[in-house]
Amino acid sequence: MVAIVVSVSAALALGLTTWVPVLLRTDIGLVRVDPGLLTVDKGARGIATLGRGYTVAAYSSGFRVSASSGPLVDTVTRGSPVSAVLGELAPGKNHPVEHADATLDHVRIGQVRIEPGRAAYSGEVYDSADGKERALPLRLVFLLTTAGVHVTAHVQGADAVVVHLDSMPATTGLGGALPDRNLRTKGWWLEDSLGEQRALTSARQAVVGIGPATRDRAVDLRPDGRLDVHVWGNRATLTLSGVPRPG
C-alpha cells in the first residue's frame, strides 16, 4: 500500500513539474534587448519647435516629444533610444519568434538638421558583434503631420529596430492593434492591419501609433522602467499625438 502511495505521489510530482511551467511560461517570442550608451554631441542638443505646439528636445540623457498639453513620450533616460538587431524572425505556433545573433546597443548622435516642421538627427548605432566593433548609420527624423509627430528610426543594415521608450504611466492598448487593457509587465505582438495603427495610450494623454504596417511589430513592457518597441525591418516608425487639456 505504501509503495502504491509513493508511486502515485511521484507521478503527480512529475506531472506538476511539466504542467506548472507551461502555465507560468510568459515567453511570447520576444528577445530582451537592453539599451546601451547614448552620446549626443553638443551641437545636436536643444529644443526644436515643429509647430502647432509640438516640440522635440535632444539632451545628453535622451529625447522628448511634447505637445501643447505637455510631454508625450521620452526615450529611456540615460540610455540609447534605439538598438539594432542582427538576426531573423521565425514563424511560431501562435506568434512570431525572434532570434538575435547580435545587437548593437550604443548610439552616437553627431548632428541635427532643423527645417520648418522637421528635425533630422544623424549618427550611428555601434557595439561589438562577432568579436569585432561594428557600426551602422542611424537617422532619427521627427516630422510634423496632420496626425501629430511622425518619428522614423532608420538603421541601415539592421534586421530589426528596437526603440527604447521610458515607462508610460497606465499604458493601455487600443483595440484593433492591442488588447484594450493595461499592458503592464507583458509583451504583445500587434495585430496585422492595412495602415499604421494607433496602438496604445497613456495617462499623459499620449496616443502612440506603431509602424510600418507591413512589418511584424511588438511592444515589450517586461523590462522594468521602460517600453520597448520591436519592428522587424531596418526602419521603425511612431506616430505621436496628444489630446488637448480642457480649457
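Residues numbered from 1 in each chain as written. Predicted model: local features only at pLDDT ≥ 70, side-chain atom pairs only at ≥ 80, totals over all residues. Heavy atoms only, no water.

(A) Structural context of the packing of aromatic side chains. With the rule as written, the count across this model stands at 3 aromatic pairs. Where phenylalanine 63 meets phenylalanine 142, the ring centres are 5.9 Å apart and the plane angle is 20 degrees; that geometry is what we call stacked. Taken together, the positions of phenylalanine 63 in strand β4 (residues 62–67) and phenylalanine 142 in strand β10 (residues 132–145) put the pair 79 residues apart, joining distant regions of the chain. Of the two residues examined, phenylalanine 63 and phenylalanine 142, each falls in the buried class. Centroid distance tyrosine 121 to phenylalanine 142: 5.8 Å. Interplanar angle 90 degrees. Geometry classified as edge-to-face. Of the two residues, tyrosine 121 is situated in strand β9 (residues 118–129) and phenylalanine 142 in strand β10; the sequence distance between them amounts to 21 residues. Take tyrosine 121 and phenylalanine 142: they sit in the same class, and that class is buried. Linked through ring pairs, Phe63, Tyr121 and Phe142 together constitute an aromatic cluster. (Phe/Tyr/Trp six-rings, centres within 6.5 Å; stacked < 30°, edge-to-face > 60°. Helix = DSSP H or I, 4+ residues; strand = E, 2+ residues; numbered from the N terminus. Buried < 20%, exposed > 50% of the residue type's maximum accessible area, 1.4 Å probe, protein only.)

(B) The layout of surface pockets, seen in detail. Estimated volume of the largest pocket: approximately 300 Å³. In terms of lining, the largest pocket is formed by 17 residues, of which the most central are Asn94, His95, Trp189, Leu190 and Glu191. No other element matches strand β14 (residues 187–189), which puts 3 residues into the lining of the largest pocket. For the lining of the largest pocket, the per-class residue count stands at 8 nonpolar, 4 polar and 5 charged. (1 Å grid on protein atoms, 1.4 Å probe; cavity = no way out; pocket = protein on both sides within 12 Å on 5 of 7 lines; lining within 4 Å. Points joined across faces, edges and corners; volume = space filled by probe spheres on them. Nonpolar A, V, L, I, M, F, W, Y, C, P; charged D, E, K, R; others polar.)

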